[in-house]
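In case you want the letters, here they are:
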Amino acid sequence: MTWRVCSARGPRRGRPATTAWRTRLLGGVLLAAAVLASGCDSGPALEDRGEASLPPGDSKHLVVGSAGFTESDLLAHMYAQLLEKAGYGAEFLSVANRELYEPALESGQIDVVPEYAATFADWLNAKVNGADAKPVGSPDLDTTMKALRALAAPRGLTVLDPGRAVDQNAFAVKASYAREHRLKTLTDLGDSGLKVRLAAGDECVQRPYCEPGLKKVYGIDVTAVDPKGVGTTQAKKAVQSGQDQLVLTTSTDATLDEFGLVLLADDKHLQNADYVVPVVNRSRAGSEGVARALARLNTVLTTDDLADMNRQVDSWRRLPEDVAKKYLKAKGLL
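About the cut-offs
- Residues numbered from 1 in each chain as written.
- Predicted model: local features only at pLDDT ≥ 70, side-chain atom pairs only at ≥ 80, totals over all residues.
- Heavy atoms only, no water.
- Buried < 20%, exposed > 50% of the residue type's maximum accessible area, 1.4 Å probe, protein only.
- Helix = DSSP H or I, 4+ residues; strand = E, 2+ residues; numbered from the N terminus.
- Pairing = 2+ DSSP bridges.
- Axes fitted to C-alpha atoms, helices over the stretch in contact; angles between N-to-C directions.
- Contact = heavy atoms within 4.5 Å.
- Right-handed = clockwise from strand over helix to strand, strands pointing away.
- Phe/Tyr/Trp six-rings, centres within 6.5 Å; stacked < 30°, edge-to-face > 60°.
- Disulfide = S-S within 2.5 Å.

(A) Highlighting the pairing of strand β6 (residues 169–174). Within β6, five of the six residues are buried, leaving the element largely enclosed by the surrounding structure. In this structure, β6 lies alongside strand β10 (residues 261–264), joined through four bridges in antiparallel fashion. Bridge assignment links Val-173 to a residue of β10, and that residue is Val-262.

What follows is the structure, given as structure tokens:
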């Protein structure tokens with residue numbers, strides 16, 4: 001497997017923390033020019049090539065793209081290794097910017113990327129229908145997948161089946177606080193009548209999945225939003241110290257144990273269905289062979305598995321490709 005990095009990428013960083021933040025990417029003309037200069041040249045526009053109408057392709061050498069954060073790197077390396085096991089040549093390419101890798105996926109410069117169903121559906125929807133378009137991602141996976149595939153297909157993209165792993169917004173409390181008040185779910189927190197300060201991003205006061213949703217769906221008495229960021233060390237320390245009682249993070253956060261925090265289950269499904277899905281360029285990687293190779297991961301990969309692998313990379317400083325290979329071998333996939 002060969003590697004390319006097509007980004008002005010700095011030190012390894014964790015994944016963007018939430019659906020909203022995952023779409024707030026770097027991007028722009030200067031970075032695009034740097035990518036082109038590095039050898040990731042663009043092809044003709046999709047509209048000029050009629051790619052959406054081409055039959056599924058089965059190129060034997062495939063480029064697997066990563067968005068440049070830990071979890072995306074892990075998934076891309078697993079995809080590449082599974083494709084190699086199935087007889088394909090695979091090249092790992094880090095782009096670190098959806099505004100760049102999605103057009104590259106359409107044009108055939110990238111053949112496969114790991115994505116998140118609801119986030120990618122809303123991103124494509126905004127690209128097609130404008131930034132003010134009503135979101136199409138939802139907590140229902142089937143509804144989200146239907147909308148995502150309808151948006152992807154005209155662009156020459158095929159969205160393969162999701163597995164069990166999901167990386168979505170999540171809320172955590174101090175473990176001792178959960179034990180004291182017998183909290184396992186967000187419903188438990190709402191029913192308790194406890195007043196809580198919420199450590200989150202400043203957007204939380206308006207986002208339907210955050211403060212408004214916690215109040216409306218769960219009846220949680222959020223007295224204030226402490227704008228310490230989403231899943232940041234500062235936010236977690238605020239809950240650890242008791243300054244705040246609840247923190248917005250993600251379902252694959254690998255560091256909760258370090259701060260003595262535990263997730264509360266989103267038992268009424270406030271959050272969108274951000275299941276991990278492979279997205280492929282139909283004309284180059286739309287074959288049954290590619291789909292079968294990548295579907296093998298769906299039978300084993302869980303949200304907890306992703307969190308554990310994130311921990312190995314971010315906390316234990318192991319290489320993503322090594323962690324990916326070890327996991328696939330342990331599951332009998334290599």
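(B) Structural view of the sheet that holds strand β7 (residues 195–200). Reading across the sheet, the five strands line up as β8-β7-β9-β6-β10 and stay open at both edges, with mixed pairing between neighbours. The sheet is open, and its two edges are formed by β8 (221–227) and β10, each paired on a single side. Between one strand axis and the next, the sheet turns by 40° as a mean value, whatever way the strands run. Each of β6, β7, β8 and β9 (246–250) touches helix α10 (residues 211–218); the most contacted strand, β8, lies at about 165° to it. The sheet strands contacting helix α11 (residues 233–241) are β6, β7, β8, β9 and β10, and the helix crosses β9 at an angle near 145°.

(C) Representation of the pairing of strand β3 (residues 89–94) in the model. The element β3 is extensively covered by neighbouring structure, given that five of its six residues are classed as buried. The pairing of strand β2 (residues 61–66) with β3 spans six bridges and is classified as parallel. Bridge assignment links Leu-62 to a residue of β3, and that residue is Ala-90. In this fold, the crossover linking β2 to β3 by way of helix α4 (residues 70–85) has right-handed handedness.

(D) Region of interest: the packing of aromatic side chains. Under the defined criterion, the tally for this structure stands at one aromatic pair. A ring pair is formed by Phe-120 and Trp-123, whose centres lie 6.3 Å apart and whose planes are at 15°; its orientation type is stacked. Placement of the pair is Phe-120 and Trp-123 together in helix α6 (residues 117–129), with a separation of three residues, close to one helical turn. On the basis of relative accessibility, which here comes to 0%, the residue Phe-120 falls in the buried class. You can call Trp-123 buried: its relative accessible area is 13%.

(E) Region of the structure containing the state of the cysteines. The final tally for this structure, using the stated rule, is one disulfide. Each sulfur in the disulfide pair Cys-204 and Cys-210 lies 1.8 Å from the other. Sign of the S-S torsion, about -85° for the bond between Cys-204 and Cys-210, identifies this disulfide as left-handed. Exposure remark for Cys-204: the relative accessible area of 1% places this residue in the buried category.

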